[in-house]
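# Survey of secondary and tertiary structure
Here are the chains, one letter per residue:
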Amino acid sequence: MSRNDTICAIATASGSSAISVIRISGAESFSATLNIFRKNGNPLNIDELQPYKAYYGEIFDPIPKDKPMVDDALVTFFKSPHSYTGEDSVEISCHGSEFVQQKILELLVMRGCRLAQPGEFSKRAYIYGKLDLAQAEAVADLIAAQNEAEHRIAVNQLKGGFSNELREIRSKLVDLTSLLELELDFSEEDVEFANRTKLNDLLDAALKHITKLTDSFRVGNAIKRGIPVAIVGETNTGKSTLLNAILDEERAIVSDIEGTTRDTIEETFNIEGTTYRFIDTAGIRETSETIEKIGIERTFQKISEADIVIGMLDGTKSVKNIIAAWKDIVNRVNVLKQELIIRVNKSDIMDAAKMFTLNDDYLDYMKSTYEKNIEKHGGYMTDEYCYSITGMDLYNIRGLITFSYMSARKPEDIENLKSSIRHRYTDMPQIDSNTTLVANIRHFEALTHAKESLEQVKNGMDNKLSADLLAEDLRQALYFIGSITGEVTNGEVLNNIFGRFCIGK
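Note that the structure is predicted; figures quoted are calculated from it, not measured.

### So, the pairing of strand β9 (residues 227-233)
- Among the seven residues that make up β9, seven are buried, leaving the element largely enclosed by the rest of the structure.
- A two-sided burial pattern is seen for β9, the buried positions comprising Ile227, Val229, Ile231 and Gly233 on one face and Pro228, Ala230 and Val232 on the other.
- Bridge analysis of β9 against strand β11 (residues 274-280) gives five bridges, and the strand direction is parallel. Within the sheet, the bridge partner assigned to Val229 lies in β11 and is Phe278.
- Two elements, β9 and strand β12 (residues 308-314), share five bridges in a ladder whose sense is parallel. The residue of β12 that forms the bridge with Val229 is Ile308.

### Overview of unusual backbone geometry
- Here the bond from Ser80 into Pro81 is cis, since omega is 5 degrees, no more than 30 degrees from zero.
- Its location among the elements puts Pro81 in the loop between β6 (69-78) and β7 (89-96).

### What about the pattern of salt bridges?
- With the rule as written, the count across this model stands at 19 salt bridges.
- Here Glu87 and Arg124 are joined by a salt bridge, their closest N and O atoms 3.1 Å apart. A residue pair is termed long-range when its members are at least 10 positions apart, and Glu87 in the loop between β6 and β7 and Arg124 in helix α3 (residues 120-127) qualify at 37 residues.
- We note a salt bridge from Arg475 to Glu472, for which the minimum N-O separation is 2.8 Å. Of this pair, Arg475 and Glu472 both sit in helix α15 (residues 467-485), three residues apart, roughly one helical turn.
- For Arg475, a relative accessible area of 33% translates into the label partly exposed.
- Put simply, Asp5, Glu87, Arg114, Glu120 and Arg124 are held in one network by salt bridges that share partners.

### Some words on the packing of aromatic side chains
- For the structure on display, the rule yields six aromatic pairs.
- Arranged with centres 5.3 Å apart and planes meeting at 90 degrees, the rings of Phe30 and Phe77 form a pair that is edge-to-face. You can see Phe30 sitting in helix α1 (residues 29-34) and its partner Phe77 sitting in strand β6, a full 47 residues away along the chain. Note on accessibility: Phe30 and Phe77 belong to one class, buried.
- Taken together, the aromatic side chains of Phe30, Tyr55 and Phe77 make up a single cluster linked through ring pairs.
- In this structure, Arg23 packs its charged tip against the face of Phe121, placed 5.0 Å from the ring centre.

About the cut-offs
Residues numbered from 1 in each chain as written. Predicted model: local features only at pLDDT ≥ 70, side-chain atom pairs only at ≥ 80, totals over all residues. Heavy atoms only, no water. Buried < 20%, exposed > 50% of the residue type's maximum accessible area, 1.4 Å probe, protein only. Helix = DSSP H or I, 4+ residues; strand = E, 2+ residues; numbered from the N terminus. Pairing = 2+ DSSP bridges. Salt bridge = Lys/Arg side-chain N within 4 Å of Asp/Glu carboxyl O. Phe/Tyr/Trp six-rings, centres within 6.5 Å; stacked < 30°, edge-to-face > 60°. Lys NZ or Arg CZ within 6 Å of the ring centre and 35° of its normal.

Function cannot be read off these values alone, since they describe shape.
The structure is reproduced here in structure tokens:
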């Protein structure tokens, strides 16, 4: 990319529409536009232009003798540095005919402009200091927002809320790094310029702040991609039927033949303003079929990645088989970190006696095996880990596991399940435009590395390491924090980030 180029692109969605916007940015944007624009049949002189004022006139082709009109349009001129990119820029609002859009681009290219690369307008805004890198990425997130929570996170980041927090941390670390490096110049005199108590307090505060940000990634990523909900169970328990019922469309193939679903199927669905990513998985069973075995391995992987697991059991099977199936599911879930919802499906053809037997057996099983799960996944036992039966609903007081009956063919049961999913995801914070959540994997990785570097500084202080070693770890932390906002970066990273943007933004 050359900063000297003048670029142009269609900024609105592709296809025909009522109105389209074409953007031009660069040193020649005014002159290129004025060569194809006339007001009241007369060309505009560049000295007459008033920036930030919309001019109504005609886009025309200047090459033929009769100079035919291409379209009537509104043209707005933005003078550097007060534009989105920081350069002289123009926006042409024309009719949304695909022919008209392409013709205007053609006329601009013939006058020295070139077609913009993906994200090049935002990239220039970053280069000219109109946005930092985190804010530029927020532009793409704002465009891609599918729900209110995503929108609010992106707005906060675009306003600079996230960047300001990082700059505050980085500024204090820079001061201390400078003092440590100053000590190196006086190493022979054994002088400490950086008070170790103050340094330790600052490190604790920085680590606490960064840990808060990294911990928020689970929620931020879930909001951005959808809270992962894995639907798991043996073959023919109704997993695909349940997915289709939730989505209200035939998304997954439903068949009486066992092993129909051999790979994961993922679809997002919005429940009361929150996006969930439902994952239908291959049925769990012993098999020698190679493809099905791969699908089952992926099922186990999705269980470990999910925030919520819906364990589907076949109510038409024997009590012994149902108990064995739920044991298998519970043993694969970290009940201290994941939500587990057990549903015995096909309740419309179950007899009541089996339900009461299952209730008693399930209660005894959970009491006897919960300690094993605690031991396996970490944690401790308290009095709150006891269970009660309310109607047909069996649950522990902490609400990590529910057990009840349903029919995936009954709309009311599907609605009850949706409500249970929404209300059981209790750690979703109230998000407004001032809420800072990390939702970008690049930011999360950088913060994680910064946290590791600061922890090394603390360990070094505890072990009374020299100032040069402490300063090196602090510089590493500063590098990773600075890479988020673009204070330190490289061309490859920039190309990777902006290459994901749409053309015209």
